[in-house]
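Here is how the chains run, residue by residue.
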Amino acid sequence: MARLKTAIVGSGFMGRVHLEGVRRLGSVDVAAVCARRPEAAQALAAAFGVARAETDLAAVLADPSIDAVHICTPNATHAPMALAALEAGKHVLCEKPLAVSGAEAAAMVRAARQRGLRNCTCHNLRYYPMVQQMRAMREAGELGEILVAQGTYSQDWLLYDTDWNWRIDPEENGPSRALADIGSHWCDMAEHVTGLRITEVAADLQTFHRTRKRPKGSVETFAGKTLSPEDYTEAPIDTEDFAAVMFRMGPGARGGFTVSQVSAGCKNRLSMEIYGTRGSVAWNQERPDELWIGRRNSTNQLLVKDPSLMDESAQPWAELPGGHAEGYNDTFKQVFGRFYRSIGDPDRELGYPQFVDGLRQMDIIEAALESHRTRSWVEIVRR
Ligand code: SOE
């Protein structure tokens, strides 16, 4: 396959994760890093030996040698940047949430389809080996009919009123914070593993800190836990720190999840529990190589990731032998590898989430916001 060229837009936590992930592929060159602040673009480019550090996205998009772009910037920039990149004929891999509204996400889906360009919403957490094992077991009928899906995505990096990040500013983040940021991961995984769609929601949101101390200068994701800035401004906050969501998955399956960015001791605790008529599975991102398997009439099991013990259809997502953990960074490599291989091979099975998957999560988030406002069940209207 001919070598491809890409650009990373965004120089924060996710821009660096993406750059590292692309570098592991061996068939894609990062031609440029683009960021708002020239010193940030230059620092990230220098750290990885990338030739170009840009602050002007238009200059990157005007480069005919660049085949694709990764959008790793605050949520409010996703749609304008993706639409400009698609207009310039670039394949687009965009971080989640796909946009700040369902309308924006729908426009991105339309634009990618009209131009026949590859498009990906980076719901990478699907691709931990044991998450793929849960999906494979469901597809093989080992769980039976799905009855219940439940869990949480809980963190503690925004617990204090001095914790700040662009996600707290609705101008950069959009109207939903915890639901859009980590609830989108949870819902995408629940639908991916069960093969069902969330059809209705009843949600209760809470903002515990009605004001936060906004530090002067930018604070990179998760970095606020170590910063002790000298001066702050008191900022009013109306995006949610927490949400509890009940949901229906069609006429049968039921479930519920919480999302929290204020749960002390939870670092990135995404727990997924799926209960079926023949058996159950449970997984926790903080112990990613372990899968709990529950049975009614035989002993429960704890499966430790080992490709030789996994269902055949899950094995491609486990590239290391048992006992060698496969973690967060590996999930990006899995997504990126399939994304770039699909560019060179139009007939290939894609195997990664598209913009349409990101749109579905925006529809769920908007329904949850409406449910909270109206204190009622809200149906997910599929576009
Ligand atoms: C912050 O909650 C964050 O960086 C999310 O935005 C990512 O999607 C998640 O993978 C890790 O935590």
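Considering the site of the ligand
As a structural note, the neighbourhood of the ligand is formed by 14 residues, with K96, Q155, D181, H185 and Y328 the closest of them. Between K96 and the ligand, the recorded distance is 2.8 Å, taken from a side-chain N or O atom to an oxygen atom. Between the ligand and Y328, the relevant distance is 2.8 Å, taken from an oxygen atom to a side-chain nitrogen or oxygen of the residue. Summarising the interface, the protein chains cover 98% of the accessible area of the ligand, which totals 310 Å² for the free molecule. No other element matches helix α8 (residues 178-194), which puts three residues into the shell around the ligand. Taken together, the residues of the shell around the ligand sort by class into seven nonpolar, four polar and three charged.

A short note on the domain arrangement of the protein
The domain architecture assigned to the protein consists of domain 1 (4-124) and domain 2 (129-320). Distance from the C-alpha centre of domain 1 to the C-alpha centre of domain 2: 25 Å. With 15 residues of domain 1 in contact, the opposing surface of domain 2 contributes 15 residues. Across the interface of domain 1 and domain 2, roughly 1200 Å² is buried in total on both sides, 52% from carbon and sulfur atoms. The largest per-residue losses of area from domain 1 upon contact with domain 2 belong to F13, K96 and H123, which jointly make up 41% of the total buried on that side.

Focus: the pattern of salt bridges
Taken as a whole and judged by the stated rule, the model has 26 salt bridges. One salt bridge connects R115 with E87, and the closest N-O pair in it is separated by 2.5 Å. Of this pair, R115 sits in helix α5 (residues 102-115) while E87 sits in helix α4 (residues 78-87); the two residues are 28 residues apart in sequence, bridging distant segments of the chain. We note a salt bridge from K213 to E234, for which the minimum N-O separation is 4.0 Å. Here E234 lies in strand β10 (residues 232-236) and K213 lies in strand β9 (residues 211-215), a separation of 21 residues in the sequence. Among the ionic contacts, a cluster of salt bridges with common partners joins R126, D188, E191, R197, D357 and R360.

Brief notes about the nonpolar core
In terms of nonpolar packing, the biggest core is built from 79 residues, with V92, W186, V201, W283, L291 and F355 touching the most fellow members. Considering each element in turn, this core owes the most residues, nine residues, to α8. Here this core spans two domains, and each of domain 1 (4-124) and domain 2 (129-320) adds at least three residues to it. In contact with F355, other than residues within four places in its own chain, are L86, V92, C94, L98, M108, V109, A112, N119, C120 and T121.

About the thresholds
- Residues numbered from 1 in each chain as written.
- Predicted model: local features only at pLDDT ≥ 70, side-chain atom pairs only at ≥ 80, totals over all residues.
- Heavy atoms only, no water.
- Near = heavy atom within 4 Å.
- Polar contact = N/O pair within 3.5 Å; in protein donor to acceptor, adjacent residues only side chain to side chain.
- Areas by Shrake-Rupley, 256 points an atom, 1.4 Å probe, with all protein chains shown as cover.
- Helix = DSSP H or I, 4+ residues; strand = E, 2+ residues; numbered from the N terminus.
- Nonpolar A, V, L, I, M, F, W, Y, C, P; charged D, E, K, R; others polar.
- Domains from an automatic or database assignment.
- Contact = heavy atoms within 4.5 Å.
- Buried area = accessible area lost by both parts, 1.4 Å probe.
- Salt bridge = Lys/Arg side-chain N within 4 Å of Asp/Glu carboxyl O.
- Core = buried A, V, L, I, M, F, W, Y, C linked by side-chain atoms within 4.5 Å.
- Buried < 20%, exposed > 50% of the residue type's maximum accessible area, 1.4 Å probe, protein only.

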